[in-house]
Amino acid sequence: MAHVVAGLMNKQVAGVLNLSEITVKIHRGNVMRKMGVRSLADLVRHAEALGVHAPGR
């Protein structure tokens, strides 16, 4: 979730985590469903409220 919130695209997240792009898409969808959000902007707001920061910060 932190990589997505940082603005990375699925392909970039896949490269960083050494996963396939399809796996990242599935996990991203699961995170959005579990967080109860419908857009990336909503996910970013929820992540900030929870204190989730981009990796490396």
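This text follows the structure it describes.
Parameters and conventions
Residues numbered from 1 in each chain as written. Predicted model: local features only at pLDDT ≥ 70, side-chain atom pairs only at ≥ 80, totals over all residues. Heavy atoms only, no water. Core = buried A, V, L, I, M, F, W, Y, C linked by side-chain atoms within 4.5 Å. Buried < 20%, exposed > 50% of the residue type's maximum accessible area, 1.4 Å probe, protein only. Helix = DSSP H or I, 4+ residues; strand = E, 2+ residues; numbered from the N terminus. Contact = heavy atoms within 4.5 Å. Axes fitted to C-alpha atoms, helices over the stretch in contact; angles between N-to-C directions. Parallel < 35°, antiparallel > 145°, perpendicular 65-115°, else oblique. Left-handed = near helix turned anticlockwise from the far one by under 90°. Salt bridge = Lys/Arg side-chain N within 4 Å of Asp/Glu carboxyl O.

The next point concerns the nonpolar core. By size, the foremost hydrophobic cluster in this structure holds nine residues: Val 4, Val 5, Val 13, Ala 14, Val 24, Met 32, Val 37, Leu 43 and Ala 47. Sorting the residues of this core by element identifies helix H1 (2-5), helix H2 (10-17), helix H3 (21-35) and helix H4 (40-50) as the ones contributing at least two each. Apart from the residues within four sequence positions on either side, Leu 43 is in contact with Met 1, Val 4, Val 5, Val 31, Met 32, Met 35 and Val 37.

Quick look at the packing of H3 against H4 now. Running from N to C, H3 and H4 cross one another at 70°; their axes reach a closest spacing of 11 Å. Classified by the angle their axes make, H3 and H4 are roughly perpendicular. Remark: the crossing between H3 and H4 carries left-handed chirality. Of H4, the residues touching H3 (which contributes Arg 28, Val 31, Met 32 and Met 35) are Leu 40, Leu 43, His 46 and Leu 50.

The tally for this structure, following the rule as stated, stands at one salt bridge. Put simply, Arg 45 and Asp 42 hold a salt bridge, and the shortest N to O gap is 2.5 Å. Taken as a pair, Arg 45 and Asp 42 lie in helix H4 at a separation of three residues, close to a single helical turn. When its relative accessible area of 25% is taken as the criterion, Asp 42 is described as partly exposed.

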